[in-house]
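Residues per chain, in single letters:
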Amino acid sequence: MKQKHKHNLRKIALLSALLVASGWAISGDLVINTDASDPAPKAAFDALVKGFEKANPDVHVKVNTFDHEGYKTSIRNFLTAEAPDLANWYAGNRMAPFVNAGLFEDVSDVWAKEGLNESLKSAAASMTINGKKWGIPYTYYQWGVYYRKDIFAKLKIAEPKTWDDLIKACATLKANKVTPFAIGTKATWTTGGWFDYLDMRVNGYEFHMDLTSGKVPYTDARVQAVFDKWDQLTKPNYYLANHASYQWQEALPAFVKGDAAMYLMGNFAVAPMKEAGLKEDQLGFMQFPEITKGLPKAEDAPTDTLHIPAKAKNKVDAKRFLAYMAKPEVQTEMNGILGQLPVNKNATRPEDTYLKAGFNMLSNAYALGQFYDRDAPAEMAKAGMDGFQQYMLKPADRKAILERLEQVRQRVYK
Amino acid sequence: MNRLESFADHAPTHPVPATTWWSRHQMRLVPWLFLSPALAMFLLYVIAPIFQSIAISFYDWDGLGAAKYIGLDNYRELLHDPDFFTALKNNVIWFFGFLLALPLGLGLALALNQQMFGIRLAKSLFFFPFVISQVVIGLVFSWFYDPSNGLLLHVLGWLGMDPVAVLSDENLVTYGIVVAGLYPQTAYCMILYLTGLNNLRPDLIEAARLEGAKGWTMLYHIVLPQLRPATFIAVVVTIIGSLRSFDMISIMTQGGPYGQSRVLAYYMYEQALSEYGYRMGYGTAIATVLFLLMLVYIVYVLFRVYQQEKESD
């Protein structure tokens with residue numbers, strides 16, 4: 001009995017020794033955790049990895065793909081426990097919890113060595129926290145108003161350039177039984193896009209950044225001014241009815257069928273719109289109209305990024321990988337597959353109509369916001385977007401909502 | 001020889017008393033030894049985390065960085081948090097709404113408790129909702145409620161009523177989800193009652209019939225008392241089901257519109273673990289409150305079980 005026990009113990013010891021040994025074996029490889037599980041992102045990542053392995057035959061890359069939702073929670077576990085060598089995440093305040101907890105590696109040296117401060121300039125600010133760079137951006141996409149050219153032509157509406165034009169266009173559409181704006185707010189983040197644009201057009205980029213970083217109360221008169229404009233859309237019911245029952249995809253049929261004529265969205269909405277049968281002569285793209293005259297126009301362009309966890313085992317190769325990924329030709333290829341925009345300004349311009357429009361808009365943009373839920377810290381973003389949804393359903397509750405948001409702000413940013 | 005024999009006479013007639021500590025305590029120790037692996041697991045994975053999470057609720061912690069001790073601040077904040085009270089109120093709605101599964105299940109069971117051709121098939125069809133995953137039921141019901149093309153819209157249309165967007169109406173949303181939750185729960189209660197009905201004593205029914213009992217009197221005085229064990233199980237299962245309601249909410253509304261359909265379990269998840277949740281301390285404070293509420297109920301159930309066992313002894 002005792003003999004057997006000893007034997008078992010020895011077995012266990014051997015097994016754990018083996019495990020340790022295999023753990024060591026990994027350190028020659030490069031492990032990447034990513035949530036690129038949709039077809040296009042997955043193909044883009046595959047191409048990226050293949051290209052890197054070809055250029056660096058001594059490194060073997062292993063990719064662990066997670067599903068989107070699962071990734072958001074599992075990243076906290078693997079960063080603290082079994083960290084990969086690279087992990088993808090998002091720019092702006094979204095990476096702040098990990099940076100502040102010391103879980104991401106400072107990669108300012110890669111930026112300096114590869115001249116990225118120049119070539120990735122448009123995203124530099126959103127990658128910087130405490131004066132250091134914490135990752136490399138590889139793609140972004142524009143936000144803007146997608147609209148039905150054919151409906152606009154039929155009702156003789158010109159592309160709105162100013163707020164008054166837009167309100168007039170909405171009134172004409174509504175009078176002809178077309179809902180001006182499609183939106184689905186079941187997942188509340190879509191409301192963040194509206195708040196971002198209204199605030200950036202009414203008060204400008206600097207104010208918006210001050211607000212999302214907690215320096216301005218939500219009860220401020222300038223925030224009220226944003227909601228005054230928003231009232232002009234919510235009070236006459238210019239948004240799709242029952243929008244809180246739909247995801248953004250579920251609001252698409254109304255747009256495709258022509259029941260709604262405009263959709264403020266990210267460029268990722270173009271693919272499903274085209275798949276649903278919209279042709280390029282039906283689907284137009286425009287920049288969000290001017291509200292405060294003469295205010296420089298900033299845009300939302302959420303950026304996806306790759307980071308080195310502080311506990312990564314193979315940081316040397318991870319930095320090589322980041323440097324490779326920042327190259328213009330690599331970003332051109334990746335974004336060709338993704339259907340998005342390369343961050344590197346030396347990358348080749350995309351051919352696609354909407355991407356080209358987005359590229360031109362973003363390269364002339366005054367500044368780039370990351371989107372409300374990436375610019376504001378998580379807790380504020382959650383409360384904010386819930387509040388915006390409530391406002392869109394019940395515009396009369398505005399005062400109570402803003403007071404509640406102010407309460408949350410005081411707690412979050414103390 | 002003789003001397004030896006007489007010595008043997010003095011020897012005790014009963015077996016030699018055990019001398020080692022082990023053999024003296026063997027009878028009492030062995031059950032614990034057999035229990036110990038399970039107990040160790042239970043301590044490690046159930047009991048310890050309870051205390052751990054209660055401990056975390058006294059901290060301000062994002063789950064990543066350093067935790068800061070803040071005493072009872074999380075609980076103080078709960079007292080002034082309208083979202084918390086919305087969730088608590090919804091828990092109460094779930095609690096009472098879910099209990100409807102009992103009369104509904106009993107009614108179905110009585111209706112199906114017949115001797116006729118094909119009744120087995122009917123029974124299994126009625127049990128079907130319980131077999132389907134909760135996620136699927138949630139999805140089906142959100143299509144049912146869909147305000148642009150759902151079945152409910154058409155039914156209301158035939159009745160000449162205005163369409164209702166159940167899942168985006170703050171006053172209706174929780175009831176809408178409870179109805180979806182009742183669908184499988186009723187089936188479950190029905191099965192419990194059907195097995196109970198199988199074990200009714202025919203002689204009692206016969207005697208009651210001779211005494212002239214029928215209809216409600218029969219049900220209330222003769223059938224229901226015999227179904228007490230089934231009712232007890234159904235109540236326990238239903239109440240636990242209502243307290244852990246999470247999946248339906250997550251599938252159908254994600255707590256929306258603007259958090260009006262959250263229950264405590266979902267609110268805790270949102271604060272501590274979801275995409276925007278980095279407040280472990282606050283989340284565990286909610287969990288602790290939920291735990292205390294459940295504790296009251298669990299103690300009551302254990303007490304009942306204990307009493308019953310004492311009676312049957």
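Residues numbered from 1 in each chain as written. Chains lettered and ligands numbered in written order. Predicted model: local features only at pLDDT ≥ 70, side-chain atom pairs only at ≥ 80, totals over all residues. Heavy atoms only, no water.

Enquirer: Help me get a handle on the interface of chain B and chain A, residues and values and all.
Expert: On the chain A side, the residues contacting the 32 residues of chain B number 33 residues. Both sides of the chain B and chain A interface together cover about 2600 Å² of buried area, and 52% of this is carbon and sulfur. Per-residue buried area on chain B facing chain A is highest for B:L64, B:Y258 and B:Y276; these three make up 32% of the total on that side. Along the contact surface separating chain B from chain A lie 9 salt bridges. The partner of B:D81 in a salt bridge is A:R404, with the nearest N and O atoms 3.6 Å apart. Scanning the region where chain B abuts chain A turns up 15 residue pairs in polar contact (both at pLDDT 80 or more). At the level of secondary structure, the elements contributing two or more residues to the side of chain B that touches chain A comprise α4 (82–99), α13 (247–252) and α14 (264–272) of chain B. In terms of residue class, the side of chain B that touches chain A is made up of 14 nonpolar, 9 polar and 9 charged. (Contact = heavy atoms within 4.5 Å. Buried area = accessible area lost by both parts, 1.4 Å probe. Salt bridge = Lys/Arg side-chain N within 4 Å of Asp/Glu carboxyl O. Polar contact = N/O pair within 3.5 Å; in protein donor to acceptor, adjacent residues only side chain to side chain. Helix = DSSP H or I, 4+ residues; strand = E, 2+ residues; numbered from the N terminus. Nonpolar A, V, L, I, M, F, W, Y, C, P; charged D, E, K, R; others polar.)

Enquirer: Would you mind going over the sheet that holds strand β9 (residues 260–266) of chain A in detail, with residue names and values included?
Expert: All names here are of chain A. Strand order in this open sheet of 4 strands is β8-β9-β7-β10, and the pairing throughout is mixed. Each end of this open sheet is capped by a strand with a single partner; those strands are β8 (179–181) and β10 (283–286). Within the sheet, the average angular offset between the axes of one strand and its neighbour, ignoring direction, is 25 degrees. Looking at chain direction, strand β7 (residues 143–148) and β10 are connected through 4 bridges and run antiparallel. The residue bridging Y146 from the neighbouring strand is F285, located in β10. Sitting on the sheet, helix α17 (residues 353–363) is in contact with β7 and β10, with an inclination near 5 degrees to β10. (Pairing = 2+ DSSP bridges. Axes fitted to C-alpha atoms, helices over the stretch in contact; angles between N-to-C directions.)

Enquirer: How would you sum up the pattern of salt bridges? Please name residues and give values.
Expert: Residue and element names in this part refer to chain A. What the rule picks out here adds up to 37 salt bridges over all chains. Its salt-bridge partner being D150, residue R148 comes within 2.9 Å of it at the nearest N-O pair. Looking at R148, the relative accessible area reads 5%, which means it is buried. Looking at D150, the relative accessible area reads 27%, which means it is partly exposed. (Buried < 20%, exposed > 50% of the residue type's maximum accessible area, 1.4 Å probe, protein only.)

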